[in-house]
Amino acid sequence: MKKTLAKLADGRELIYFDTDPSAVREAPDLRPLEPVDSRPELRRDEATGDWITIASHRQGRTYHPPAGECPLCPSRDGRLGEIPAADYEVAVFENRFPSLAGPVGRCEVVCFTPDHDARFADLDPAAARLVLDAWTDRTAELSALPGVEQVYCFENRGVEIGVTLSHPHGQIYAFPFVTPRTAKMAAAAAAHRAATGRNLFEDLVARARAATERVVTAGEHWTAFVPYAARWPYEVHLHPHRRVADLTCLNEAERAEFPGIYQDLLRRFDRLFPAAGRPEAPVPTPYVSAWHQAPRTGGEELALHLELFTIRRTADKLKFLAGTESGTEAFINDVAPEAAARRLREAL
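Owing to the predicted nature of the structure, the values given are computational and were not obtained by experimental measurement.

Colleague: Which residues make up the sheet that holds strand β10 (residues 222–225), and what values go with them?
Modeller: On the basis of which strands lie adjacent, the open sheet formed by eleven strands has the order β1-β2-β5-β6-β8-β7-β14-β15-β11-β10-β9 and antiparallel pairing. Two strands close off the open sheet at either side, each with one partner strand: β1 (2–7) and β9 (215–218). When strand polarity is set aside, the average angle formed by the axes of neighbouring strands in this sheet is 20°. Relative to strand β5 (residues 90–94), strand β2 (residues 13–18) is paired through four bridges, and the arrangement is antiparallel. Across the sheet, residue Ile 15 finds its bridge partner in β5, namely Val 92. Running at roughly 75° to β10, helix α3 (residues 200–211) makes contact with β9, β10, β11 (234–240) and β15 (305–310) of the sheet.

Colleague: Requested: an account of the packing of aromatic side chains, with residues and values cited.
Modeller: On inspection of all chains with the given rule, the structure shows 18 aromatic pairs. Centroid distance Tyr 152 to Phe 154: 4.8 Å. Interplanar angle 20°. Geometry classified as stacked. Residue Phe 154 is classed as buried on the basis of its relative accessible area of 8%. Taking the centre distance of 5.1 Å and the plane angle of 15° together, the rings of Phe 258 and Tyr 262 count as stacked. Placement of both Phe 258 and Tyr 262 in helix α4 (residues 252–270) is noted, with a separation of four residues, approximately one turn of the helix. When sorted by exposure, Phe 258 lands in the same class as Tyr 262, which is buried. Cluster of aromatic residues (ring-pair linked, three or more members): Phe 112, Phe 120, Trp 135, Trp 222, Phe 258, Tyr 262 and Trp 291. The ring of Phe 331 has Arg 231 sitting right over it, with the charged end atom 5.3 Å from the ring centre. We note Arg 312 situated over the ring of Phe 273; from NZ or CZ to the ring centre the distance is 6.0 Å.

Colleague: Go over unusual backbone geometry, please, and point to the residues and values.
Modeller: Despite not being glycine, Asp 77 shows a phi value in the positive range, around 55°. Summarising the element assignment, Asp 77 is placed in the loop between β4 (51–54) and β5. Phi at Glu 329 is positive, roughly 65°, even though this residue is not glycine. Position of Glu 329 relative to the elements: it lies in the loop between α5 (323–328) and α6 (337–346).

Colleague: Which residues make up the layout of surface pockets, and what values do they have?
Modeller: Within this model, the second largest pocket holds a volume of roughly 300 Å³. In terms of lining residues, the second largest pocket is bounded by 20 residues, among which Arg 157, Gly 158, Val 159, Ser 166 and Pro 284 are the most central. Broken down by element, the residue count for the lining of the second largest pocket peaks at three residues, all from strand β7 (residues 150–157). Among the residues making up the lining of the second largest pocket, the classes are represented as nine nonpolar, seven polar and four charged.

Colleague: An account of the packing of helix α1 (residues 125–143) against α4 is needed here, citing residue identities and associated values.
Modeller: Packing of α1 against α4 leaves a shortest axis separation of 9 Å and a crossing angle of 120°. Considering their axes alone, α1 and α4 lie oblique with respect to each other. Here α1 runs over α4; the crossing is right-handed. The residues of α4 that touch α1, namely those facing Pro 125, Ala 128, Arg 129, Leu 132, Asp 133, Trp 135 and Thr 136, are Glu 252, Arg 255, Ala 256, Phe 258, Pro 259 and Gln 263. Within the contact of α1 with α4, the residues separate by chemical class into seven nonpolar, two polar and four charged.

Colleague: Lay out the pattern of salt bridges in plain terms, naming residues and giving numbers.
Modeller: Taken as a whole and judged by the stated rule, the model has 33 salt bridges. The partner of Asp 10 in a salt bridge is Arg 12, with the nearest N and O atoms 2.8 Å apart. Arg 12 carries the same exposure label as Asp 10, and that label is buried. When the shortest N-O distance is used, the salt bridge between Lys 184 and Glu 329 registers 3.2 Å. Taken as a pair, Lys 184 in helix α2 (residues 180–196) and Glu 329 in the loop between α5 and α6 lie far apart in primary sequence, 145 residues in all. Glu 329 shares its class with Lys 184; the two are exposed. Through salt bridges with shared partners, a single network forms among Lys 3, Glu 13, Glu 94, Arg 106, Glu 108, Asp 137, Arg 138 and Glu 141.

Cut-off values and rules
- Residues numbered from 1 in each chain as written.
- Predicted model: local features only at pLDDT ≥ 70, side-chain atom pairs only at ≥ 80, totals over all residues.
- Heavy atoms only, no water.
- Pairing = 2+ DSSP bridges.
- Helix = DSSP H or I, 4+ residues; strand = E, 2+ residues; numbered from the N terminus.
- Axes fitted to C-alpha atoms, helices over the stretch in contact; angles between N-to-C directions.
- Contact = heavy atoms within 4.5 Å.
- Phe/Tyr/Trp six-rings, centres within 6.5 Å; stacked < 30°, edge-to-face > 60°.
- Buried < 20%, exposed > 50% of the residue type's maximum accessible area, 1.4 Å probe, protein only.
- Lys NZ or Arg CZ within 6 Å of the ring centre and 35° of its normal.
- 1 Å grid on protein atoms, 1.4 Å probe; cavity = no way out; pocket = protein on both sides within 12 Å on 5 of 7 lines; lining within 4 Å.
- Points joined across faces, edges and corners; volume = space filled by probe spheres on them.
- Nonpolar A, V, L, I, M, F, W, Y, C, P; charged D, E, K, R; others polar.
- Parallel < 35°, antiparallel > 145°, perpendicular 65-115°, else oblique.
- Left-handed = near helix turned anticlockwise from the far one by under 90°.
- Salt bridge = Lys/Arg side-chain N within 4 Å of Asp/Glu carboxyl O.

Put into structure tokens, the structure is as follows:
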């Protein structure tokens, strides 16, 4: 992997990742940009202890531009965007409209491919592996920044999820605090260790692999399964068999197998809901794909894993977080986890 560092016109960092060691990425950013003026504020909810980020400057961020004006496409034919090069493989840059910035963290955008109409599932294995390498590089770099407690790599796909740019991309948040879900998992893992003397996540993977009815697919180094108490209609957790803290700890065999098994999962998700009367024409499934990594402190019992889920529960219905979920965080799932796993196994 070749890594090339650059700067955008307003001073933000841009990083190119290439499989070709001879790739040259020297195009300057010719846009007349003013420096980014973002001052997010962290406030603690006194009733729950959760940190809330106030980022009112994000109201002005780019919102569903025409394909010809996509800021994540390469800069070609006089159209200038966030990536000055006329072509790229994977590009990462600081978000111009960050939720976290300066002393309260950092937000980055990860462009998976220059192809505006592609999906992650469409990438060739080498390109998907390059994205994994970029996630790993950024995890290492951002974890080392002063004040960063947790690095979170994720992809939102689909307008139903709230995506404002349709170009295939993800984001990375470097949080200055441990996120609420991670804190809950850490507490559950600590309680499990105290009660059993074993690691919670090792037991969860072993239990899923032994029961099999919730396993969607598995390889030599990874297993994808629907959790026993899934919150979302179709939710899959992908774990390496060897418990590790974060992406930087994966070995070469685990990295080599990941693209194939992950892209297989994405294809299965996209086969869940065929168009009416056209089973050969699946409707792209909106999803969130989220890497959960151990934070800097208090994560000794946690395990790296990816959580992939969709808010679509049927071909024409979404799972809205209404009264119980939004009001009390008490999830109600309309699809049995075993049935979801069976549908995903049969999807291909």
